[in-house]
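Letter by letter, the chains look like this.
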Amino acid sequence: MLSRLSGGLATLLMALTPLPTMGNNMSTSISGSLSVYLHQKDTSNVLACFELKQLETDRQAEKTLAKPACFPLDQPTIHFVLHFPARDIQPQKRYSLVTKVVQGGKDKQILAEMSVPVLTQGNPSEVNLAISVPPEPVE
Amino acid sequence: MRKPQTIVAGLILLTAQQASAITIQFDYSSDTTGFFSQNAKNTLNAAGSFFGNLLTDSLSAIQSSGQNNFTASFNDPTTGTSRTIDHFSIAQDTIKVFVGARSLGGSTLGQGGPGGYSVSGFNPFVTEAQTRGQTSTVAGVQGATATDFSLWGGAISFNQNTNWYFDQDVSTASDLPSTNFDFYSVALHELGHVLGIGTADSWFNNISNGQFTGPEASTVFGGPVPLNPGLDHWAQGTQGTVNGVAQEAAMDPAITAGTRKVFTNLDVAALKDIGWQVAPVPVPAAVWLFVSGLFGMFILGRKKS
């Protein structure tokens, strides 16, 4: 059974605007594209939610830097830009962009989830992501 | 005139090339209940070899490395729960199928399908991992415009409570007990689903008014092919032929105990319609070797006389 997405789904930091430069070092950003393939599943009420996590290790999340930023998947590929306060990003730390594909109204179900290392230690600030949700097996 | 030895060598080489088009690799890491005896593995490998000899597509490799990361996802065939494998890589022309068994309930003998994935990294890795070189764009293998199919592999669950028969020589079904279900037939059927029959977008894009309208299948059948209500199988009882002999198609929804159903010309036509390239005549490698050996002996005999 798919687990449920916890927490609110506030759209805080996401904008479909051109990527601004870091300029005065007040903000940093992650941009990229996400393609989602749902096979023959119902595609209504499907959202892509992004959040940035600061990691203690590769697997343990130490801190979520912002609430999930969600966007409706009304087309196969969406482009996104996430902005974060530059002061929150520490070069010696590891960061992971967590992407969840969720569906539903009040009770959201996670259809797929992926994590990508970003921002520090040689990892990019621009990412290309693609998710294919496995189809239900056929008898 | 070419020397007989050269001709024989050429035939053997042809045999080797035909036998190595696609490798279907079975992964038993999910088989925690020990369902797969050596006999079961042998029978499953025979089913895999059938498609390996039949399909001639070139599938590019998926090589996760550095920031290029491919994660395979599928329903674990033994537990039914979601399973992912991070930093997944697979060799060129290879498909990996995770297999297991559990109680599937009712009269279900097996279930299967292609896996999902998540992929991140640089292009062209992200595109190539999704298409495996089958089309230049992802839209060619996914969605409403798909005319082809690409996969890393998938998963198959067999019903652990079924009274199976694991045939060790699938060239004949004469020894198939009337009370047992033929594991070879069910394995072919479920592999058909992994390969996209009833699961690929290019399958569903060939459906109109509850019928499969792919040109290859329509030609073989003599018109659009009726489907079951779920649109993922031929209608129950749909007939095809095997070497000119009528047989209920392998990809209809049911099979009875004590019977063998191999892929008919209709089932093979469906594979073509969803994008697979298919060898003209799928002949087992052993037959090729036997025939080429006879031919070589014939040529040598004529030369001596």
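Just so we're clear, the structure is a prediction, and the values are computed from it rather than from any experiment. (Residues numbered from 1 in each chain as written. Chains lettered and ligands numbered in written order. Predicted model: local features only at pLDDT ≥ 70, side-chain atom pairs only at ≥ 80, totals over all residues.)

### Regarding the overall build of chain A
Definition in use: Think of it this way: any DSSP run of H or I at least four residues long counts as a helix, any run of E at least two long counts as a strand, and we number them from the N terminus. Buried residues are those with 20 or more other C-beta atoms within 10 Å of their own C-beta, exposed residues have 12 or fewer, and partly exposed residues lie in between; C-beta atoms are placed from the backbone. Any residue pair is listed as a contact if its two C-beta atoms, each placed from the backbone, are within 7 Å.
Of the regular secondary structure elements, chain A holds zero helices and nine strands. Listing the helices and strands of chain A from first to last along the sequence gives β-β-β-β-β-β-β-β-β. Within chain A, the fraction of its 139 residues that count as buried is 36%. Of all intrachain contacts in chain A linking residues separated by at least 6 positions in sequence, the fraction that spans at least 24 positions is 65%.

### Structural notes on the nonpolar core
Applicable threshold: Definition of nonpolar core: a set of buried Ala, Val, Leu, Ile, Met, Phe, Trp, Tyr and Cys residues joined via C-beta atoms within 7 Å.
Membership of the largest hydrophobic core comes to 102 residues, with the highest contact counts inside it found for Ala48 of chain A together with Val97 and Ala270 of chain B. Here this core takes seven residues from helix H4 (residues 183–194) of chain B, the largest share from any one element.

### Topic: the confidence of the model for chain B
Filter applied, for reference: For every residue, the pLDDT score states the predictor's confidence, bounded by 0 at the bottom and 100 at the top.
In this model, chain B carries an average pLDDT of 89, and 85% of its residues clear a pLDDT of 70 or more. Low confidence marks residues 1–19 of chain B, where pLDDT is under 50. Its contacts with residues over four positions away, or in another chain, come to 21 contacts.

### Let's talk about the sheet that holds strand S5 (residues 110–114) of chain B
Residue and element names in this part refer to chain B. As a reminder, the rule being used: When DSSP finds two or more bridges between a pair of strands, those strands are recorded as paired. Axis lines are fitted through C-alpha atoms, for helices just across the contact stretch, and the angle between N-to-C directions can take any value from 0 to 180 degrees.
The strand order across the open sheet built from four strands is S1-S4-S7-S5, with neighbouring strands paired in mixed fashion. This sheet does not close on itself; its edge strands, each paired only once, are strand S1 (23–27) and S5. Averaged over all pairs of adjacent strands, the angle between strand axes in this sheet comes to 20°, irrespective of strand direction. Of the strand pairs in this sheet, S5 and strand S7 (residues 153–159) are connected by five bridges, and their pairing is antiparallel. Its bridge partner lying in S7, Gln111 is registered against Ser157.

### So, the interface of chain A and chain B
What counts is decided by this rule: Under the scheme applied here, ten amino acids are nonpolar (Ala, Val, Leu, Ile, Met, Phe, Trp, Tyr, Cys and Pro), four are charged (Asp, Glu, Lys and Arg), and all others, including Gly, are polar.
At the junction of the two partners, chain A supplies 21 residues and chain B supplies 31 residues. Secondary-structure elements contributing two or more residues to the side of chain A that touches chain B are strand S2 (27–37), strand S8 (109–118) and strand S9 (126–132) of chain A. The biggest single contributor to the side of chain A that touches chain B is S9 of chain A, with six residues. Counted by class, the side of chain A that touches chain B contains 15 nonpolar, five polar and one charged residues. By the bridge criterion, five bridges tie S9 of chain A to strand S6 (residues 116–121) of chain B in an arrangement that is antiparallel. From the neighbouring strand, Asn128 of chain A faces S6 of chain B, where its bridge partner is Gly121 of chain B.

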